[in-house]
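# Tertiary structure, described
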Amino acid sequence: GGTSICMGGMTALDSLAAQAFGAEKYELVGVLLQRCLAIITLLCIPIFFVWWIGTRLVLEMLGIERETVELSVLYCRVLFLYLWPQLAQRAIISFLRCQGIVRPVTVITGVASALNVPVTAFLITTFGFIGAPFAQVFSGWLQLIALVIACRWRGYHHRCWGGWSKEALTDWGPMLKLGAAGTITMMGEWWSWEI
């Protein structure tokens, strides 16, 4: 649920960054990325509490057996470490895509996918059940770090990145309004599949 809320809200970055880039307001693209990162960081706080406390409450109310509840709670608590890097890499992908840069995303996703199978197998055989969410955490952070390195090393950030800006902490209205519409759409689709 928490991931769908954030992912839906991030659709605003796709639209706003593409408009800014098309209007040749290149530094604004970087500010929009920073604004999005600030918003998703704040969104992760209530999601943390829901995943940390709410998982147990909901599953117990549904009458799920205790062992399954304990495993689910443990899984969600570890998986929370995956949420922010997943969202941050999605924001960076939008930042690159609006500039027409897709190669690093394709390469990094391909390498991460190839590594995912042996890493997941190793972590599950070594640590058991809990190895599965740790494999996702590893993959998420690996992809995020690789994207940041690619942006710096290949200079993909130069045109649209003017450095960290206080402007990112202001004027959230348009992004939140557009993101709310994306969230409703994403939740409808995502939750219907979950149910």
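Here goes a summary of the coordinates provided. Only a predicted model underlies this, so the values are computations on that prediction, with no experimental measurement involved.

### So, the side chain of Gln86
Following the sequence through the fold, Gln86 ends up in helix α4 (residues 66-97). Discounting chain neighbours no more than four positions away, the residues touching Gln86 are Thr3 and Met7.

### Thoughts on the pattern of salt bridges
Counted under the stated rule, the structure contains three salt bridges. With its nearest N and O atoms 2.9 Å apart, the salt bridge here joins Arg90 to Asp14. One end of the pair, Arg90, is in helix α4; the other, Asp14, is in helix α2 (residues 11-22), and 76 residues separate them in sequence. The exposure class of Asp14 is partly exposed, given its relative accessible area of 24%. For Glu70, the salt bridge identified is with Arg56, shortest N-O distance 2.5 Å. Taken together, the residues span a long stretch of sequence, with Glu70 in helix α4 and Arg56 in helix α3 (residues 26-61) at a distance of 14 residues.

### Some details on helix α5 (residues 103-127)
Along its 25 residues, α5 runs 35 Å from first to last C-alpha, staying within 8% of the 36 Å computed at 1.5 Å per residue. When the local axis directions of α5 are compared, the greatest deviation, roughly 35°, occurs at Asn116, which is followed within four positions by the proline Pro118. In this fold, the buried residues of α5 make contact with α4 and α6 (131-154).

Scoring rules and cut-offs
Residues numbered from 1 in each chain as written. Predicted model: local features only at pLDDT ≥ 70, side-chain atom pairs only at ≥ 80, totals over all residues. Heavy atoms only, no water. Helix = DSSP H or I, 4+ residues; strand = E, 2+ residues; numbered from the N terminus. Contact = heavy atoms within 4.5 Å. Salt bridge = Lys/Arg side-chain N within 4 Å of Asp/Glu carboxyl O. Buried < 20%, exposed > 50% of the residue type's maximum accessible area, 1.4 Å probe, protein only. Expected span 1.5 Å × (residues − 1). Bend = angle between axes of the 7 residues up to and from the residue.

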